[in-house]
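Spelled out from the first residue to the last, the chains are:
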Amino acid sequence: MYLSEVTKGMDGRLVRDGEFQTLEYCTGRLEVPFLTFMGNARFLDRMSPYASCVLCSGELVDRLPQGITGVFVTEAPRESFQIIHNGLSGNAQYCLPAAGNRIGSDCVISERASIAGNNVEIGDRVVIEDNVIVYDHVKIGNDCVIRGGAVLGGKAFTFARTRENSLLGMEDLGRVVIGDRVEIFSLAHIAKGILPTDTTYIGDDVKIDALVQIGHGSVIGERTLVAEGAVIAGNVCIGTDAWIGVNATVSNRIRIGDHARVSLGSVVTKNVAEGQTVTGNFAIDHTDFLRNLKEKLSGLRCVCNEKGSMLL
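Throughout what follows, the structure given in this document is the object of discussion.

The rules we used
Residues numbered from 1 in each chain as written. Predicted model: local features only at pLDDT ≥ 70, side-chain atom pairs only at ≥ 80, totals over all residues. Heavy atoms only, no water. Pairing = 2+ DSSP bridges. Helix = DSSP H or I, 4+ residues; strand = E, 2+ residues; numbered from the N terminus. Phe/Tyr/Trp six-rings, centres within 6.5 Å; stacked < 30°, edge-to-face > 60°. Buried < 20%, exposed > 50% of the residue type's maximum accessible area, 1.4 Å probe, protein only.

## What to know about the sheet that holds strand β26 (residues 237-238)
- Here we have eight strands laid out as an open sheet, ordered β6-β9-β12-β17-β20-β23-β26-β29, and parallel in their pairing. Whereas interior strands pair on both sides, the edge strands pair on one side only; in this sheet they are β6 (102-103) and β29 (255-256).
- Pairing between β6 and strand β9 (residues 120-122): two bridges, direction parallel. Its bridge partner lying in β9, R102 is registered against E121.

Set out below in structure tokens:
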């Protein structure tokens, strides 16, 4: 595909034309030429060497890496990126290939479950309970259990404000891949990837409790446990053997290392190192949290009023 073709009729100026195979975010790990957008100069030094075409503002043109062949100047790079993505949603060259469903042997699938009519792959000995919804481009491994009311491949929450102050969403053209021996409890929601290159991935032996939200493009490593009510935002990467506690929240694009632990109710806004435990809102190292709490409590004085009641 050529940049001149996909930007035809759009507000902006084609500085030079270039060719790309797909769309990707500027820091993506895709190793084919892709079109991206650059809305903030702080990402310039992190741009993938495979980015071949860029949508950007005029002041960034001369600062782009030398490998960029195609440049389109626009006042709203992200909005333009989303418009192009949505416009390509019916293009077979851009989208994932279509295929019929494949269901393995010895599966137990409730008649009350809803399975998309195509692009679904289900392994052997899978149990799918009542009212489960499995959308297209979902792959489920062997020996998995999907409890009642869970949603696999549901709509991703991706909206951006346009220059006219309306809200523009993106078509979900990615997929969900679930490994072997995964168990997903009732009313959990696993969002589909957005770009065709995006995969929401749940590794082997992962256990996801009820009412958990897993955002688009997130990756959860093997044997990780995600407890009830946790919210994992989009593009999060969680390592192997990790623990995400009850009602914890993990912000967008956070990295959580192997064997790390996120305590219940924590709000994670920074990366968590391998083996580290974090606690609090906003979450900090668990040892620091306890020390801070102890210092605050020790600074309080207890006094008694005339009736003998304790006052802090």
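On we go from here.
## A word on the sheet that holds strand β14 (residues 151-154)
- Strand order in the open sheet formed by eight strands is β8-β11-β14-β19-β22-β25-β28-β31, and the pairing between neighbours is parallel. Of all the strands in the sheet, just β8 (114-115) and β31 (267-268) have a single pairing partner and so form its edges.
- As defined by bridge partners, strand β11 (residues 133-134) adjoins β14 across two bridges and the pair is classed as parallel. Within β14, the position partnered with I133 by the bridge is V151.

## Let's talk about the packing of aromatic side chains
- Enumeration according to the criterion identifies four aromatic pairs in this entry.
- Plain terms: the ring middles of Y25 and F81 are 5.8 Å apart, the flat faces sit at 40° to each other, and that makes the pair tilted. Residue Y25 is found in the loop between β2 (22-23) and β3 (34-38), and its partner F81 is found in helix α2 (residues 77-87); the two are separated by 56 residues along the sequence.
- Given the relative accessible area of 16%, Y25 is considered buried.

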